[in-house]
Amino acid sequence: MLACTVSILGGCRGRTTAPAPVTLVIAQSGDPGALNPAVTTSGSTHPITDQIFNGLVGLDEELRPVPELAERWSIEDGGRTYRFLLRPGVRWHDGVPFTSADVKFTFEQALLKYHSRTRAALEGLIVGIDAPDDLTVLFRLKRPYAPLLQRLDVVEASIIPRHLYEGHDVLTGEPTRRPVGTGPFRFVSYAPADRVILERNPDYFRPGLPRVDRVVFRILPNAATAVSALEAGEVDYVGGVSGPDIPRLRATPGITVVSGSGGSGGSVCQDVLIPNLTRPPFDDVRVRRAFAHAIDRQFIVERVYFGQGRPATGPISHLLAWAYTPSVRQYPHDPMEAQRLLDAAGYRQRSSGDRFDVTFTHATGHQRLGLALREQLKAVGVTLHLETRDFNSAVEQVFVKKTFDLGLASFCNGADPDIGVRRVYVSSNIGPYPFSNGAQYRNARVDALFDAATMDAEREQRRAHYHEIQRILAEEVPYFWLVDSASLRAHRTTFTGFRLWTGAFVETVAAAPSGSQ
């Protein structure tokens, strides 16, 4: 663009002005809290941090591993050693070189201690992590482990800087408030309950990326408010669209609605109710089976999720087709059978018609689900009290403090059942970790089957183990599986290039060419 500047001597001299900075505004459903992705799987944290950090590998659209911080790798010793050669010249946002010491520190001091999915699978599997030089990392395993590469992306294993975190609390210390990564965007500011601002990393190791100058995450917990902001042009991207809004948005010029089963919280997700198995009434399998019969999943899919998904039948989503089986014990909506089971468990109706009370602890975005569950359970004599909290508080209450009756989580299966399913059911993952085995379920046979499923390289052998796991869990009902999610996102056509299968979904976003919007 040419502009005219008048000099003190008069006349006009031409100059080229820089193009206006490009800012992408994203609606964020909740406050992210501490900004350390290596200690949480939170869907409120990762949409932001996955733009700041990197994993050793990335995942392509088919969820296959591709180089990221690791330039290449080799598998040695019959699958017991993975050797990663790191990309040279990568620097943290503060200018310090990225090295193998950062990888070793991240796994030993953060991921293997606090990240629920990574910890569940790898804590007892990794014998050691060696950093023989600045650009080489060796993972030594007790046994072959087929899914390792799929769980080393930015969602499952973000690498954090040792030089900043060493000597600090990785959960709440100072580095969690001003994150420094290697990724496409640098942290600028965080105003709780308002917004997080990132800016383009000019030294990013991928030439030409990113293509926007600034990303603003506006914290808009109310979905209707977020959609209204999209329609008004105040935000450019919304990560979730409610059913009633879909036809209107699809008919709105300048907005496109797209589907996706992946993202920053993980891929192939299920919404699951979490009963506290350590105390009555959910310590009795008859009560759990009664609840499974009392819940009308089809109604919930149609009226609460507005058709975005389908009723879940067990712990593995039907979208993870190679590992899924529908041939398990089913719990069709049957209030009469639910009442029979509650009677058999000793919870007979009192003169008031009630049997017992249960408190449902949930985040603000799930109030509609809470109301539907309350009506369905009332029909079998159970009074459901709704305890609505902000997202981080609900997670703290259910997973960390464990002072709850019934909770809720969106558990993402990931690219492999060992990534997102295992952590929910193995007894080694019971502890104060967000999105872990919140029900505190224990079954030695299930633990052994999850281990066995990772030892075979061939899917046929692995499939048999996962089918048996699903059959056992469907009998014991340690969780109430509600919906295999199928989420819709919407964005303004002024932007293109969203990578909806990965956590780093903004990396390739660009302003759409003029005239193509």
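For the structure, check the block above.
This write-up is about the structure you can find in this document. (Residues numbered from 1 in each chain as written. Predicted model: local features only at pLDDT ≥ 70, side-chain atom pairs only at ≥ 80, totals over all residues. Heavy atoms only, no water.)

**Comments concerning the environment of R462**
Move 1: Here R462 is to be found in helix α15 (residues 459–476).
Move 2: Assessed through its relative accessible area of 4%, R462 is described here as buried.
Move 3: In sequence terms R462 and G89 are 373 residues apart; their C-alpha atoms lie 39 Å from each other.
Move 4: If sequence neighbours within four positions are ignored, R462 has contacts with P147, W322, D416, A453, T454 and D456. (Helix = DSSP H or I, 4+ residues; strand = E, 2+ residues; numbered from the N terminus. Buried < 20%, exposed > 50% of the residue type's maximum accessible area, 1.4 Å probe, protein only. Contact = heavy atoms within 4.5 Å.)

**Description of the pattern of salt bridges**
Move 1: In total, this model carries 30 salt bridges according to the counting rule given.
Move 2: With a closest N to O distance of 3.6 Å, R151 and D418 form a salt bridge. Residue R151 is found in the loop between β9 (136–141) and α4 (162–165), and its partner D418 is found in helix α12 (residues 417–420); the two are separated by 267 residues along the sequence. When sorted by exposure, R151 lands in the same class as D418, which is buried. (Salt bridge = Lys/Arg side-chain N within 4 Å of Asp/Glu carboxyl O.)

**Points about the nonpolar core**
Move 1: Membership of the largest hydrophobic core comes to 67 residues, with the highest contact counts inside it found for L273, I274, F291, I300, F411, Y425 and Y479.
Move 2: A total of five residues in this core trace back to one element, the largest contributor, which is helix α7 (residues 285–294).
Move 3: Ignoring any residue separated from it by four or fewer positions in sequence, one finds Y425 in contact with P315, N437, Y441, V446, D447, F450, L473, P478, Y479 and W481.
Move 4: Core analysis: the next-biggest nonpolar cluster, separate from the first, contains 61 residues, I129, L141, V154 and L209 among them. (Core = buried A, V, L, I, M, F, W, Y, C linked by side-chain atoms within 4.5 Å.)

**Quick notes on the state of the cysteines**
Here is the idea: a disulfide is a covalent bond, and it sits between the sulfur atoms of two cysteines.
Move 1: If you walk through the whole model with that rule in mind, you get one disulfide.
Move 2: Across the disulfide from C269 sits C412; the S-S distance is 1.9 Å. Here the disulfide of C269 and C412 is right-handed, its torsion about the S-S bond being about 90 degrees. Taken together, the residues C269 in strand β15 (residues 269–275) and C412 in strand β19 (residues 406–412) connect sequence positions 143 residues apart. The same class applies to C269 and to C412, which are both buried. (Disulfide = S-S within 2.5 Å.)

**Some details on unusual backbone geometry**
Move 1: The peptide bond linking L209 to P210 adopts the cis configuration, its omega dihedral lying at -5 degrees.
Move 2: Checked against the element boundaries, P210 lands in the loop between β11 (195–200) and β12 (214–219).
Move 3: Following P280, the chain continues into P281 via a peptide bond in cis, with omega recorded as 0 degrees.
Move 4: Residue position: P281 is located in the loop between β15 and α7.
Move 5: Even without being a glycine, F435 presents a positive backbone phi close to 60 degrees.
Move 6: Its relative accessible area of 7% is what places F435 among the buried residues.

**What about the packing of aromatic side chains?**
Move 1: For the coordinates displayed, the defined rule picks out 20 aromatic pairs.
Move 2: Arranged with centres 4.9 Å apart and planes meeting at 80 degrees, the rings of F282 and F291 form a pair that is edge-to-face. Pair check on accessibility: F282 and F291 agree, each one buried.
Move 3: Each residue in the set F391, F399, F411, Y425, F435 and Y479 is aromatic and connected to the rest through ring pairs, giving one cluster. (Phe/Tyr/Trp six-rings, centres within 6.5 Å; stacked < 30°, edge-to-face > 60°.)

**Brief notes about helix α14 (residues 444–453)**
Side chains that are three or four residues apart share a direction in an α-helix, a result of its 3.6 residues per turn.
Move 1: Buried residues of α14: V446, D447, L449, F450 and A453, and no others. All buried residues of α14 fall inside an arc of 165 degrees around its axis, so they share one side.
Move 2: Of the surrounding elements, those touching the buried residues of α14 are α12, α13 (422–425) and α15.
Move 3: For α14, the side-chain oxygen to backbone nitrogen distance between the N-cap and R445 is 2.9 Å, and the N-cap itself is N443. (Arc of directions from axis to C-beta. Polar contact = N/O pair within 3.5 Å; in protein donor to acceptor, adjacent residues only side chain to side chain.)

**Remarks on the side chain of E156**
Move 1: As for its position among the elements, E156 is in the loop between β9 and α4.
Move 2: The contacts of E156, once residues within four sequence positions are left out, are L111, H115, R117, T118, R151 and I419.

**Here's the deal with the sheet that holds strand β8 (residues 126–133)**
Move 1: The sheet built from four strands is open, its strands ordered β6-β7-β9-β8 with antiparallel pairing. Pairing within the sheet leaves two strands with one partner each, and these edge strands are β6 (70–76) and β8. Across the sheet, the axes of successive neighbouring strands diverge by a mean angle of 15 degrees, strand direction being ignored.
Move 2: Inspection of the sheet shows strand β7 (residues 81–86) paired to β9 by five bridges, in the antiparallel sense. The residue of β9 that forms the bridge with R83 is L138.
Move 3: Contacting β7, β8 and β9, helix α2 (residues 100–114) crosses the sheet at an angle of about 155 degrees to β8. (Pairing = 2+ DSSP bridges. Axes fitted to C-alpha atoms, helices over the stretch in contact; angles between N-to-C directions.)

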